[in-house]
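Each chain, written out:
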Amino acid sequence: MDSSTSTSDEKYEMGYQPSPSSVDQTDNSTASYSVMSVESFAYYRSNSGASAFSEHTDDNSCSEIASPISWQGLKSPTRIALSRLGMRQLNHGMDEEVMDLELELMKERFSKLLLGQDMSGGGKGVSSAVTISNAITNLYASIFGQHQRLEPLQFDKKMMWKREMNCLLSVCDYIVEFSPSLQHLKDGTTIEVMSSRPRSDIYINLPALRKLDAILLDILESFQETEFWYAEQGSISAKSTRSGSFRKIVQPQPQRKEEKWWLPVPCLSPDGLSEKSKKHLRQKRDRANQIHKAAMAINSSILAEMQIPESYMASLPKSGKASVGDTIYRHMYSAEKFSPDHLLDSLNLSSDLEALELADKVEASMYTWRRKMGMTHSKSSWDMVKDLMSDIDRTDKNHILAERAETLLFCLKQRYPELSQTTLDTSKIHYNKDVGQAVLESYSRVLEGLAFNIVAWIDDVLFVDKTLKNQE
């Protein structure tokens, strides 16, 4: 037995039980755990260096981190952590100093989680659910906040993203539910015992999100050699050329608004893209668009399951008509056949801010009308909804208005996929106490944003190519 194995055994005998975060996540960055206010959750639905102590891995090992969790034969996370630690000691000969540093990092993160980011210790911190949601949101911002191009993510940032996310998601290993199962004894008798298994929402959604995460990184990785490049917006005039190349800089598509002047501009040669390159771009766009829809669906389902805070219900207007205004109310109530698209066209919304304000008003009106019907809870359970709907008069005025408001809200979010979260969604996240829901919601939200950005970047390149062809 070598020294590293004996050292490992001594630590086990002393009761040292490292968590999964201390094994795989050794980044000493604390930026992703900064305090965030409620406004931090107004994240667009569609929109640092590596640690010196982290384990160097190749591309194959990276794919294992990003792969879905296998729930078959679920083992104790503590045993898994101990096993990984022993392997790392055998393979890398980690000395006592490095182990002490990892232990200190683990203590720091554990303490911040317990304190709820309130370093005064006065008990004024946020819940554990909000803490981990903030951490995932901040991590995404630090890794992808400055990445605005169709190009592979820097290696150190990609490693940091995988390490940190693996650490933050490891909490789901401990979120289980109990179910009855049969156990056969040696004497032939059968007894019923309670066995643990991953909670159903985590079992279904977390492996899917991990898979979507890996695919998005692969999409970015596929743009290593491209026929286009980028120029910073404003750095070169739109009509200028680069000496010796005759490559013109063309303005991007019109939907890029003036407030996004900082985004880089895609540039092409005068001949434009080859057919092979355009085919590759379209394939990656279709894939990213599918991921965007999948992540949005998961995020919407998790938000629907969250309880509506009492503070939000208390702030609802007494009249839904007063909230949406006379024009919208008249169209929603008097129209024999309600058309949300026709209503949105007539409103002629000019900005995302106006769309968000309308979404807040429509959502508030919807819950005001539901409250008048006696529906004081969220539609969080399908069984609850079926039982409730059986006792509802579908010809009731409040029921009709609530259903049409829900349809209008859905259509509005589809038309403005980059819309920030509504006041209700923000309130749900801020007051949520369920750690599992917080992990799934924040993870799906940031993946939704990354997928949306990739689609937009590809559209920019294709638009520039189309513009060049039309100029010819």
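Here the structure is a predicted model, which is why all the values come from computation and not from measurement.

Caption draft 1: Main features of the packing of aromatic side chains. In this structure the tally under the stated criterion is eight aromatic pairs. Within the aromatic cluster, the residues linked to one another by ring pairs are Tyr 140, Phe 144 and Trp 161. Above the face of the Tyr 367 ring, Arg 370 is positioned so that its terminal group lies 5.3 Å from the ring centre. Positioned above the aromatic ring of Tyr 333 is the side chain of Lys 397, whose terminal nitrogen or guanidinium carbon lies 5.2 Å from the ring centre.

Caption draft 2: Main features of a positive patch on the surface. On the surface, a cluster of positive charge is made up of Lys 321, Arg 330, Lys 372 and Lys 397. Here Lys 372 shows up in helix H14 (residues 352–373). Looking at Lys 372, the relative accessible area reads 48%, which means it is partly exposed.

Caption draft 3: Broad picture of helix H17 (residues 423–431). Listed in full, the buried residues belonging to H17 are Leu 424, Asp 425, Thr 426, Ser 427, Lys 428 and Ile 429. The secondary structure elements touched by the buried residues of H17 are helix H6 (128–144), helix H9 (275–305), helix H10 (310–314), H14, helix H16 (397–415) and helix H18 (435–471).

Caption draft 4: Highlighting the pattern of salt bridges. Scanning the model with the defined rule gives 13 salt bridges in all. Where Arg 285 meets Asp 459, a salt bridge forms, and the shortest distance between an N and an O atom there is 2.6 Å. Pair noted here: Arg 285 is in helix H9 and Asp 459 is in helix H18, with a separation of 174 residues, a long-range link.

Caption draft 5: Seen up close, the packing of H9 against H18. Packing of H9 against H18 brings their axes to within 8 Å, and their N-to-C directions diverge by 150 degrees. Looking at the two axes, H9 sits roughly antiparallel to H18. Judged by the sense of rotation from one axis to the other, the crossing of H9 with H18 is left-handed.

Caption draft 6: Summary view of the pairing of strand E4 (residues 265–268). Residues of E4 alternate between two faces, with Val 265 and Cys 267 on one and Pro 266 and Leu 268 on the opposite face, all of them buried. In terms of strand pairing, strand E3 (residues 228–231) meets E4 through four bridges, oriented antiparallel. The residue of E4 that forms the bridge with Phe 228 is Leu 268.

Caption draft 7: Focus on unusual backbone geometry. For Asn 348, which is not a glycine, the phi torsion comes out positive at approximately 55 degrees. For Asn 348, the location among the structural elements is in the loop between helix H13 (340–347) and H14.

Caption draft 8: Region of the structure containing the environment of Ser 179. Its location among the elements puts Ser 179 in strand E1 (residues 176–184). Spatially, the C-alpha atoms of Ser 179 and Val 193 are 8.3 Å apart, while their sequence positions differ by 14 residues. If sequence neighbours within four positions are ignored, Ser 179 has contacts with Val 193, Met 194, Ser 195 and Arg 197.

Caption draft 9: Molecular detail of the environment of Pro 270. Along the chain, Pro 270 turns up in the loop between E4 and H9. The sequence separation of Pro 270 and Gln 471 amounts to 201 residues, and the corresponding C-alpha distance is 9.8 Å.

Caption draft 10: Representation of the packing of H13 against H16 in the model. In contact at an axis separation of 9 Å, H13 and H16 are set at 60 degrees when each is read in the N-to-C sense. Relative to H16, the element H13 lies oblique. Between H13 and H16 lies a crossing whose hand is right-handed. Within the contact between the two elements, H13 uses Pro 340, Asp 341, Leu 343, Leu 344 and Asp 345 and H16 uses Thr 407, Leu 408, Cys 411, Leu 412 and Arg 415. Looking at side-chain class alone, the contact of H13 with H16 contains six nonpolar, one polar and three charged residues.

Caption draft 11: Inspection of a nonpolar patch on the surface at higher detail. A cluster of nonpolar side chains, namely Val 176, Phe 178 and Met 194, defines an oily patch on the protein surface of about 320 Å² accessible area. Relative to the assigned elements, Phe 178 resides in strand E1. For Phe 178, a relative accessible area of 59% gives the class exposed.

Caption draft 12: The pairing of strand E2 (residues 190–198), seen in detail. Sheet analysis places E1 next to E2, joined by nine bridges and oriented antiparallel. The residue bridging Phe 178 from the neighbouring strand is Ser 196, located in E2.

Thresholds applied
- Residues numbered from 1 in each chain as written.
- Predicted model: local features only at pLDDT ≥ 70, side-chain atom pairs only at ≥ 80, totals over all residues.
- Heavy atoms only, no water.
- Phe/Tyr/Trp six-rings, centres within 6.5 Å; stacked < 30°, edge-to-face > 60°.
- Lys NZ or Arg CZ within 6 Å of the ring centre and 35° of its normal.
- Patch = residues over 30% accessible without salt bridge, like charges linked within 9 Å, V, L, I, M, F, W, Y side chains within 5 Å.
- Areas by Shrake-Rupley, 256 points an atom, 1.4 Å probe, with all protein chains shown as cover.
- Salt bridge = Lys/Arg side-chain N within 4 Å of Asp/Glu carboxyl O.
- Lys, Arg positive; Asp, Glu negative; His and termini not counted.
- Charge placed at Lys NZ, Arg CZ, Asp CG, Glu CD.
- Helix = DSSP H or I, 4+ residues; strand = E, 2+ residues; numbered from the N terminus.
- Buried < 20%, exposed > 50% of the residue type's maximum accessible area, 1.4 Å probe, protein only.
- Contact = heavy atoms within 4.5 Å.
- Axes fitted to C-alpha atoms, helices over the stretch in contact; angles between N-to-C directions.
- Parallel < 35°, antiparallel > 145°, perpendicular 65-115°, else oblique.
- Left-handed = near helix turned anticlockwise from the far one by under 90°.
- Pairing = 2+ DSSP bridges.
- Nonpolar A, V, L, I, M, F, W, Y, C, P; charged D, E, K, R; others polar.

By themselves, these observations are geometric and do not establish any function.
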